[in-house]
Every structure is written in structure tokens, then in C-alpha cells.
Amino acid sequence: SFSLIIGLIGITIGKAVDPKEIDNREILFVGENRQEYFSLYKSSLHFTVYGPDTVKIYARKAIPSRDHEMKSFGYSLVFNEEDTIQTQFKKRLYSKITSAEHKRHGYSSAGIYFLPIPFGKHEIELLPLSKYSRAVLVRMIINPLKRDKGRGKFVLPESETPLFYINFGEKKVRYLQL
């Protein structure tokens, strides 16, 4: 006989997604953390993602370190060459971000955009808002879809099939024997 185990085990930790244009990389230090961002300037960045998942896109703008005014920036997002979304953020210099490549600049607080990804393979293209736009640094993180908050969903059978339980430490997981 076969046993079918239903349940979710694992930790949902986001994973950075690199674009095809990997040469546009810039390393930022956010507090003590080293993070890879990619420059969106004069040309687009292309990403391939698989769903169902949720994509979180962080965008930051380089700002001269003595400038404390709000700065506007953004990008266009094209999903599967069909749907286009314009993002626009207005952020200030965030003092805890540095870059070894641009010592006289600081970076804005992150403008964050969430995009739910349906099942299957999808292409995402990020474009500057216009040909005159200044550089925006972007970082894409993909997270497993959190629709059930990690608990899983148990499907009860229509028949009188008995339920069995497995103990994992202090957790009890239900399963069906087929």
C-alpha cells in the first residue's frame, strides 16, 4: 500500500533572483548586510521566475550624501510581454546604506513592490521610466506564496478512510493511507 503524506515542512526564506544582465551588479552594504543590486539605467533587466510565488522588488536611488530632500524614482515592469505596471516612489536618503563603488553617494530607503506570480514560467522585464531617467538599483526576491501562512491545507476524503498521525517532535501531522 502507498501512503500519502499531506503537510508543509520547511522554512519560507526569500531567495534573490538574478537578471540575465548579470554584469550590471552593484554591491550595497545595508547596515552589516552585503546585498547585490542591479543597475537599471538606459536599458532593461530581464528575469525569469516560476510560480506560484510572490516577487518582492526593492528599488533604491543613488543620492549625493549631503542631500536630504525627498527624491522621486521608479521603473516600468512588463509581465510576460503583456501587462505593464508603472511604479513610482518618493524616498529620502537612508544613512545606513553604503557602496564601495560610489563613496560620495548614499542611497534612498527602499521602494518595495509586491507582485503575485501565477503557476508556471514567467518573464519579467524592468525598464527605466524614460530615456532620461537616472539610475535605479533593483533587487528581486522571490518568496513561496504565503496563502496558507505555512500551515498547509488538509483535504478530507469523502469516504470513511481512517486518518493516521505522525509525530515530528511536538508537531502532529495528519495523513491518509491509500
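A brief report on the enclosed structure follows. Each chain carries its own residue numbering, running from 1 in the direction its sequence is written. Where totals are concerned, whole chains, interfaces and linings use all residues; where local detail is concerned, this predicted model gives features only for residues with pLDDT of at least 70, and gives and counts side-chain atom pairs only at 80 or more. In computing side-chain properties, one takes all heavy atoms of the structure into account and sets aside hydrogens as well as water.

### Comments concerning the packing of aromatic side chains
And step 1. Stacked, edge-to-face and tilted are the three classes for Phe, Tyr and Trp ring pairs, Trp counted by its six-membered ring, which pair at centre distances within 6.5 Å; planes under 30 degrees apart are stacked, over 60 edge-to-face, the rest tilted. Taken as a whole, this structure holds two aromatic pairs when the rule is applied.
And step 2. Seen from their ring centres, F73 and F89 are 5.7 Å apart, and the 40° between their planes marks the pair as tilted. With a gap of 16 residues between them, F73 in strand β6 (residues 71-79) and F89 in strand β7 (residues 83-91) connect regions that are remote in the sequence.
And step 3. Judged by relative accessible area, F89 falls into the buried class, the value being 12%.
And step 4. Centroid distance Y75 to F89: 6.3 Å. Interplanar angle 45°. Geometry classified as tilted. Taken together, the positions of Y75 in strand β6 and F89 in strand β7 put the pair 14 residues apart, joining distant regions of the chain.
And step 5. Here the term buried applies to any residue with accessible area under 20% of the maximum for its type, exposed to any over 50%, and partly exposed to those in between, with areas from a 1.4 Å probe on protein chains only. A relative accessible area of 0% means that Y75 is categorised as buried. Numbering of helices and strands starts at the N terminus; helices are DSSP runs of H or I of at least 4 residues and strands are runs of E of at least 2.

### Structural notes on the nonpolar core
Nonpolar side chains tend to gather and get buried jointly when the protein is soluble and globular.
And step 1. In this text, buried Ala, Val, Leu, Ile, Met, Phe, Trp, Tyr and Cys residues form a nonpolar core when linked through side-chain atoms within 4.5 Å. One finds V55, Y75, I124, L126 and V138 to be the most contacted residues of the largest nonpolar core, which totals 22 residues.
And step 2. In this description, contact between two residues means that some pair of their heavy atoms is separated by no more than 4.5 Å. Not counting residues within four places of it along the chain, the set of residues in contact with L126 comprises L40, S44, L45, F47, I57, Y75, S76, L77 and V138.
And step 3. Core analysis: the next-biggest nonpolar cluster, separate from the first, contains nine residues, V30, Y58, L137 and I141 among them.

### Here's the deal with the pattern of salt bridges
And step 1. Definition used for salt bridges: Asp or Glu carboxyl oxygen within 4 Å of a side-chain nitrogen of Lys or Arg. Inspection of the entire model under this criterion finds three salt bridges.
And step 2. Its salt-bridge partner being K20, residue E123 comes within 3.2 Å of it at the nearest N-O pair. Of this pair, E123 sits in strand β11 (residues 111-127) while K20 sits in the loop between β2 (15-17) and β3 (25-30), and the two are 103 residues apart along the sequence.
And step 3. Exposure remark for K20: the relative accessible area of 55% places this residue in the exposed category.
And step 4. Among the ionic pairs, D67 bridges to K71, the shortest N-O distance being 2.8 Å.

### Some thoughts on unusual backbone geometry
And step 1. Cis geometry marks the peptide bond from G51 to P52; its omega dihedral reads 10°.
And step 2. Position of P52 relative to the elements: it lies in strand β5 (residues 45-64).
And step 3. Of note, K42 is a non-glycine position whose phi angle comes to about 65°, a positive value.
And step 4. You can call K42 exposed: its relative accessible area is 64%.

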